Amino acid sequence: MTSLSFHPVRLFVAGAFAAAWLSPAMLAGQSQPVAPKAAYKVPRTPWGDPDFQGNYTNLYESGTPLERPQQFDGRKLGDITPDELKAFKKKIQDDTIQRFETPFDAPSNWWQVAYKLDDSAQAWMITDPEDGHVPALTPEGQARARSARQTIYAGGSDSWEDRSLYDRCITRGFPTSGMPTIYGNSSRIVQGSGYIAIQYEMIHETRVIPIDKTPRPHPGRNIRLDMGDSRGHWEGDTLVVETTNFTARSVYRNANPDTLKITERFTRISPNKLRWSVTLDDPKTWTKPWTFSMPLTMNDAEPIQLYECHEGNYGLRNILSAARAEERALAAATKP
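All residue numbers refer to positions counted from 1 along the written sequence of the respective chain. Per-residue local features are limited, in this predicted model, to residues with pLDDT of at least 70; the limit for side-chain atom pairs, both in listing and counting, is 80 or more; totals at the level of whole chains, interfaces and linings are taken over all residues. Only hydrogens and water are set aside when side-chain values are computed; all heavy atoms of the structure are taken into account.

Caption draft 1: A look at helix H5 (residues 314-334). Look at H5: 30 Å from first C-alpha to last across 21 residues, which is about the 30 Å you get at 1.5 Å a residue. Three labels apply to residues, based on accessible area from a 1.4 Å probe with only protein chains included: buried if under 20% of the type maximum, exposed if over 50%, partly exposed otherwise in between. Strands here mean DSSP runs of E at least two residues long; helices mean DSSP runs of H or I at least four residues long; both are numbered from the N terminus. Buried within H5 we find Leu 316, Leu 320 and Ala 323. Around the axis of H5, the buried residues are gathered within 55° of arc, so they sit on the same side. Seen from the open side of H5, the exposed residues pointing more than 90 degrees away from its buried face are Tyr 314, Arg 317, Arg 328, Ala 332 and Ala 333. Expected helix span is given by 1.5 Å per residue-to-residue step, counting one fewer step than there are residues. Directions are taken from the helix axis to each C-beta atom, and the arc is the one they span.

In structure tokens form, the structure reads like this:
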């Protein structure tokens, strides 16, 4: 990219020359209106679709809370000034480092300071409802949440089945795979005529999404996927993707896998920004639909890295073996 620089003397001379050339009548007249800035023109693929292909990262929104923080009660996303946002994100970053960092492992926490505070776009993610909070749970949703909490609290390390799907390197689920965390925030989009694929750095899960003028129907309800079944279509320059057919084991926020529908909207808003908006609609879980949104930044300097995680990895084996070691130590300590 070409950088521009301006020399003050040259600007003065150019300005003086322009003033001398203009007639008094012209100088006395009203200034010409400034032409509005042209809207960003989305590039096209060879077959004519908006071109979204590239390496993306959500790292700059790492630490952005899903819901509106208490300190911003009564405020709207657009009301938060850049200075307020930077100070807010800096505190989140500092608190995270303090929570995890110890004198001997400080160098290993480089990812905690990797995201760029100046590039963070927002103070929270929920854009609808306006209060910035997840809507209330239905009675059925409350019962399901209680059951999930009991399962988590009752869980342990007796078996690999006691651990989460993420511990077992199976899935982060959807849309969690696309949301920022402390590392593994890259993704990649590739396109072909009639299809778009999104691969996530975490566990390298890939969604292959067919795109039709009239969205094709989802498969029968007996077909279930951890990432759901996705169908896409274009609305102007926006890609709209509807996903259903979730599994109970990985469904987002304990929603009902039979009734959850997730609608995404991808819109390229600048040469290096893609706006990702996600609407969750499940009348069996929440009292009304809700939406969160964030920018994805195209950056070839942050491509997907190796993610050497699998169900038989050392981490899971060590969790289970450490639990057995603790049990042996406790048994030896309490042995008469």
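Caption draft 2: Summary view of the pattern of salt bridges. Salt bridge, as used here, is a side-chain nitrogen of Lys or Arg placed within 4 Å of a carboxyl oxygen of Asp or Glu. A complete count under the given rule lists 13 salt bridges for this structure. Of the charged contacts, one joins Arg 163 and Asp 167 as a salt bridge, the two residues approaching to 3.3 Å between their closest N and O atoms. The class for Arg 163 is partly exposed, based on a relative accessible area of 24%. With a shortest N-O distance of 2.9 Å, Glu 327 and Arg 324 are connected by a salt bridge. With Glu 327 and Arg 324 both in helix H5 and three residues apart, the pair spans about one turn of that helix.

Caption draft 3: Representation of unusual backbone geometry in the model. In this model, Asp 128 is joined to Pro 129 through a cis peptide bond whose omega is 10°. Of note, Pro 129 is situated in the loop between strand S2 (126-128) and helix H4 (139-154). Between Phe 174 and Pro 175 the backbone carries a cis peptide bond, its omega angle lying at 10°. One non-glycine residue, Cys 169, adopts positive backbone phi at about 60°.

Caption draft 4: Seen up close, the side chain of Thr 45. As for its position among the elements, Thr 45 is in the loop between helix H2 (24-28) and strand S1 (54-57). Ignoring sequence-local partners within four residues, the contact set of Thr 45 consists of Pro 50, Asp 51, Gln 53 and Gln 191. Any pair of residues with heavy atoms lying within 4.5 Å of one another is described as a contacting pair.

Caption draft 5: Region of interest: the pairing of strand S3 (residues 186-192). Pairing between two strands is assigned when DSSP locates at least 2 bridges connecting them. Two strands pair when backbone bridges link them, and S1 and S3 are joined in this way by four bridges, in the antiparallel orientation. Residue pairing for S3: Thr 57 is matched across the bridge by Ser 186. Both S3 and strand S4 (residues 195-200) contribute to a ladder of six bridges, which runs antiparallel. Looking across to S4, one finds that Gln 191 is bridged to Ile 196. Remark: two residues form the turn of the hairpin made by S3 and S4, two consecutive strands paired antiparallel; Gly 194 in that turn has positive phi of roughly 90°.

Caption draft 6: Examining the environment of Leu 316 more closely. You can see Leu 316 is positioned in helix H5. Considered as a pair, Leu 316 and Arg 163 are 153 residues apart in the sequence and their alpha carbons are 8.4 Å apart.

Caption draft 7: Seen up close, the nonpolar core. We call a set of buried residues a nonpolar core when its members are Ala, Val, Leu, Ile, Met, Phe, Trp, Tyr or Cys and they connect through side-chain atoms within 4.5 Å of each other. Core analysis: the biggest nonpolar cluster contains 34 residues, and Leu 66, Leu 280, Trp 290 and Phe 292 have the highest contact counts within it. Residue assignment for this core shows that the elements contributing at least two residues are S4, strand S7 (238-244), strand S8 (261-270), strand S9 (273-281) and strand S10 (290-298). Sorting elements by how many residues they give to this core places S10 first, with five residues. Setting aside chain neighbours within four positions, we find Trp 290 in contact with Leu 66, Ile 126, Asp 128, Pro 129, Val 134, Pro 135, Tyr 252, Arg 253, Val 278, Thr 279 and Leu 280. Listed in part, the seven residues of the second largest apolar core include Phe 72, Ile 80, Leu 85 and Ile 92.

Caption draft 8: Just the pairing of S1, in detail. By the alternation rule, side chains of S1 split into Gly 54 and Tyr 56 and Asn 55 and Thr 57, which are all buried. Judged from the two bridges that link them, S1 and S10 form a sheet pairing that is antiparallel. Bridge pairing in S10 places Thr 57 opposite Thr 297.

Caption draft 9: Here's a closer look at a nonpolar patch on the surface. A contiguous nonpolar patch, built from Tyr 166, Ile 182 and Tyr 183 and spanning about 240 Å² of accessible area, is present on the exposed surface. If you trace the backbone, Ile 182 turns up in the loop between H4 and S3. Patches draw on residues past 30% relative accessible area with no salt bridge. Two like charges within 9 Å are joined, as are two nonpolar side chains (Val, Leu, Ile, Met, Phe, Trp, Tyr) within 5 Å. Calculation of accessible area relied on Shrake-Rupley with a 1.4 Å probe; when residues are assessed, cover is drawn exclusively from the protein chains displayed.

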